[in-house]
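Structural description and commentary
Each chain, written out:
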Amino acid sequence: MQEPGIIFQSVFDDLSDNLSDDWYKAEIYFRLDNSIDSCSIRARYYTAPKNEMKQIRLTKISEIVDSILALREILSGNGAREKITHGYLLFTSDGDFEAKYSYQEPDWSNLTGWIEHVDFQ
């Protein structure tokens, strides 16, 4: 079984191909439908020195989805615990990262603004 740190590195490697040279912070928000192994992802990054936010068009979406699904399995103890349903990953250009998760069931009827209403743990 892979360690979560390896999964985070894999997600960042897939994400980094989409970042400009002046990036300093990148965020990925995701939600999972655990009944069908489906994943929705939104990503963005910020540039320096103007602190401009730029949406990211992910070119390696399938690899990132695969990594997030693998992370879900690791965090659930391969089915021994409840599976995560939402998440937030933050990467910074100085090598730091942050990960937050939620176990709330997604409201699939509300496709806009879904990440703003999640209580992360």
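Below is a summary of the structure that appears in this document. Please read all numbers here as calculations on a predicted model, not as lab measurements. (Residues numbered from 1 in each chain as written. Predicted model: local features only at pLDDT ≥ 70, side-chain atom pairs only at ≥ 80, totals over all residues. Heavy atoms only, no water.)

**Re the nonpolar core**
Burial of nonpolar side chains together is a common tendency in soluble globular proteins. Counted only if it meets this: Put simply, buried Ala, Val, Leu, Ile, Met, Phe, Trp, Tyr and Cys residues joined by side-chain atoms within 4.5 Å make one nonpolar core. For every residue, the accessible area (1.4 Å probe, protein chains only) is compared with the maximum for its type, and the residue is labelled buried under 20%, exposed over 50%, or partly exposed between those bounds. A run of H or I in DSSP becomes a helix once it reaches four residues, and a run of E becomes a strand once it reaches two; helices and strands are each numbered from the N terminus. Two residues form a contact once any of their heavy atoms are found within 4.5 Å.
Among the nonpolar cores identified, the biggest contains 24 residues, and Val-11, Ile-28, Phe-30, Leu-32, Leu-89 and Phe-91 are the most heavily contacted of them. Here this core gets six residues from one element, more than from any other, and that element is helix H2 (residues 61-75). Once you skip the residues sitting within four places of it in the chain, Leu-89 turns out to touch Phe-8, Val-11, Ala-26, Glu-27, Ile-28, Phe-30, Glu-98 and Ala-99.

**Focus on the pairing of strand S1 (residues 23-33)**
Regular strands place side chains that alternate from one sheet face to the opposite one. Definition in use: A pair of strands is considered paired only if DSSP assigns at least 2 bridges between the two.
The buried count for S1 comes to nine of eleven residues, which makes it a mostly enclosed element. Bridge analysis of S1 against strand S2 (residues 38-47) gives ten bridges, and the strand direction is antiparallel. Pairing of Ala-26 across the sheet is with Tyr-45, part of S2. Relative to strand S4 (residues 86-92), S1 runs antiparallel, the two sharing seven bridges. By the bridge assignment, Arg-31 is partnered in S4 with His-86.

**A closer look at the environment of Ser-76**
What counts is decided by this rule: Here a polar contact is recorded for every N or O atom pair within 3.5 Å, except that within protein the pair must consist of a potential hydrogen donor and a potential acceptor, and residues adjacent in sequence are included only if both atoms are side-chain atoms.
For Ser-76, the location among the structural elements is in the loop between H2 and S4. Residue class for Ser-76 comes out buried when judged on its relative accessible area of 1%. In contact with Ser-76, not counting residues within four places along its chain, are Arg-81, Glu-82 and Lys-83. A polar side-chain atom of Ser-76 sits 3.1 Å from the main-chain carbonyl oxygen of Glu-73.

**Focus on H2**
The criterion, for reference: Helix span, as expected, comes to 1.5 Å for every residue beyond the first.
Taking 1.5 Å as the rise per residue, H2 with 15 residues should run 21 Å; its terminal C-alpha atoms sit 21 Å apart, in good agreement. Among all positions in H2, only Ile-64, Val-65, Ser-67, Ile-68, Leu-69, Leu-71, Arg-72 and Ile-74 are buried.

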